[in-house]
Amino acid sequence: MKAYAKTDIGNCREENQDSYWIGELGDDAIAIILCDGMGGQNAGGCASTTTVDFIKDRLIKGFRHDITRNQIRNLLITSVTAANSVVYDMANANPEKAGMGTTCVAGIIFNERAYLINVGDSRCYFFFDDNMQQVTKDHTYIRKLKGIITYEESKTHPDRNRITKAVGAQPFITPDYFELDVKKGDMLLFCSDGLSSYAEDAQIAEVIAGAPTSKCCDQLVDYVNKHGGRDNVTVAVVSI
């Protein structure tokens, strides 16, 4: 397996509040964590960095070569829910950080299986056999309106950026969890909404199909910045 990532401040922001980490948990295990912070001044950056660092430490300490599927599931869920408590307590202890939070999408790829978890609207896509599938489900107000408003209306809706679930925003959260079988030649793409909000799925798929794996992150970030770059953008790809 090979993994690549890139983060960029974009063209319009004064601070990059995205954070990510990719690391090997063993000879045949890779972990990815990607967070997109929210909050005034540096609070969003604090939330995303704190969450990435906390989950990273939990995964490194908790992963073993003989770990079972259920233990991986529990490791991811407990890591994210514990990170939520840490960020929530930090926000409540410091008035300058009140209301801060972060999205989070994370995964462990091990023994031809991907274990994935998400909170908020940072996404994971799965590329397999010339197909593209969004695995994670956005925790957004717009998603609750699916079937009520059209896709075109969702793009200009005043609450299109409203998140309904974030790490640190509430005392307790229940993240979504997914598992996938993966094989050689498959790819996973993790991204903040700095990509998915400004590039359609078809455009993302076109870039992925036309670029070497090692250049996918660069080209996706370049695409977004050439088409406005109004947000921080972070992408990570794992080639199985």
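Definitions and limits used
Residues numbered from 1 in each chain as written. Predicted model: local features only at pLDDT ≥ 70, side-chain atom pairs only at ≥ 80, totals over all residues. Heavy atoms only, no water. Pairing = 2+ DSSP bridges. Helix = DSSP H or I, 4+ residues; strand = E, 2+ residues; numbered from the N terminus. Axes fitted to C-alpha atoms, helices over the stretch in contact; angles between N-to-C directions. Contact = heavy atoms within 4.5 Å. Phe/Tyr/Trp six-rings, centres within 6.5 Å; stacked < 30°, edge-to-face > 60°. Buried < 20%, exposed > 50% of the residue type's maximum accessible area, 1.4 Å probe, protein only. Lys NZ or Arg CZ within 6 Å of the ring centre and 35° of its normal. Arc of directions from axis to C-beta. Salt bridge = Lys/Arg side-chain N within 4 Å of Asp/Glu carboxyl O. Lys, Arg positive; Asp, Glu negative; His and termini not counted.

Q: So, the sheet that holds strand β5 (residues 113-119): which residues are in play, and what are the values?
A: Across the sheet, which stays open at both edges, the 5 strands sit in the order β2-β3-β4-β5-β8 with antiparallel pairing between neighbours. Of all strands in the sheet, those bounded by a partner on one side alone are β2 (18-26) and β8 (176-181). Here the average twist between neighbouring strands, direction ignored, is 10°. Here strand β3 (residues 29-38) pairs with strand β4 (residues 101-110) via 10 bridges, running antiparallel. Residue pairing in the sheet places I30 in a bridge with I109 of β4. Contacts between helix α1 (residues 43-62) and the sheet are confined to β2, β3 and β4, with β3 contributing the most and set at about 160° to the helix.

Q: I'd like a description of the packing of aromatic side chains, backed by residues and values.
A: Scanning all chains against the criterion turns up 2 aromatic pairs. Taken together, a centroid distance of 5.1 Å and an interplanar angle of 85° make the contact between F63 and F110 edge-to-face. Of this pair, F63 sits in the loop between α1 and α2 (69-93) while F110 sits in strand β4, placing them 47 residues apart in sequence. Among the residues examined, F63 registers a relative accessible area of 9% and is labelled buried. A ring pair is formed by F126 and F128, whose centres lie 4.7 Å apart and whose planes are at 20°; its orientation type is stacked. You can call F126 buried: its relative accessible area is 6%. Classification of F128 by relative accessible area gives partly exposed; the value is 22%. Positioned over the ring face of Y177 is R73, at 5.6 Å from the centre of the ring.

Q: So what's going on with helix α6 (residues 201-210)? Which residues, and what values?
A: Along α6, the positions that sit buried rather than exposed are I204, V207 and I208. Relative to the axis of α6, the buried residues are bounded by an arc of 100° and lie together on one face. Seen from the buried face of α6, the exposed residues on the opposite side, beyond 90 degrees, are A202, E206, A209 and G210. Where the residues of α6 are buried, they touch β6 (123-128), β7 (131-134), β9 (187-191), α5 (193-196) and α7 (213-226).

Q: Residues and numbers for the pairing of β4, please.
A: Across the 10 residues of β4, 10 count as buried, placing the element largely inside the fold. Of the two faces of β4, both are covered, the one formed by G101, T103, V105, G107 and I109 as well as the one formed by T102, C104, A106, I108 and F110. Pairing between β4 and β5: 6 bridges, direction antiparallel. The residue of β5 that forms the bridge with V105 is N118.

Q: So, the environment of A93: which residues are in play, and what are the values?
A: By the secondary structure assignment, A93 is in helix α2. Sequence separation of A93 and G40 is 53 residues, and the distance between their C-alpha atoms is 16 Å.

Q: Break down the pattern of salt bridges for me, with residues and values.
A: Evaluated as defined, the whole model comprises 10 salt bridges. Where R69 meets E179, a salt bridge forms, and the shortest distance between an N and an O atom there is 3.0 Å. Here R69 is found in helix α2, whereas its partner E179 is found in strand β8, with 110 residues between them in sequence. Its relative accessible area of 46% is what places R69 among the partly exposed residues. Measuring nitrogen to oxygen at the nearest pair gives 2.2 Å for the salt bridge that ties R113 to D181. Highlighted residues: R113 in strand β5 and D181 in strand β8, separated in sequence by 68 residues.

Q: Break down the side chain of K97 for me, citing the residues and quoting the values.
A: Relative to the helices and strands, K97 resides in the loop between α2 and β4. E96 is the oppositely charged side chain nearest to the buried, salt-bridge-free K97, at an N-O distance of 5.4 Å. Residues within four places of K97 in sequence aside, it is in contact with A43, C46, M90 and A91.

Q: Tell me about unusual backbone geometry, and please be specific about residues and values.
A: Its identity as a non-glycine residue notwithstanding, D129 has a phi of 45°, on the positive side. For D129, the location among the structural elements is in the loop between β6 and β7. The residue D130 is not glycine, and still its phi comes out positive at about 65°. You can see D130 is positioned in the loop between β6 and β7. The class of D130 is exposed, set by a relative accessible area of 85%.

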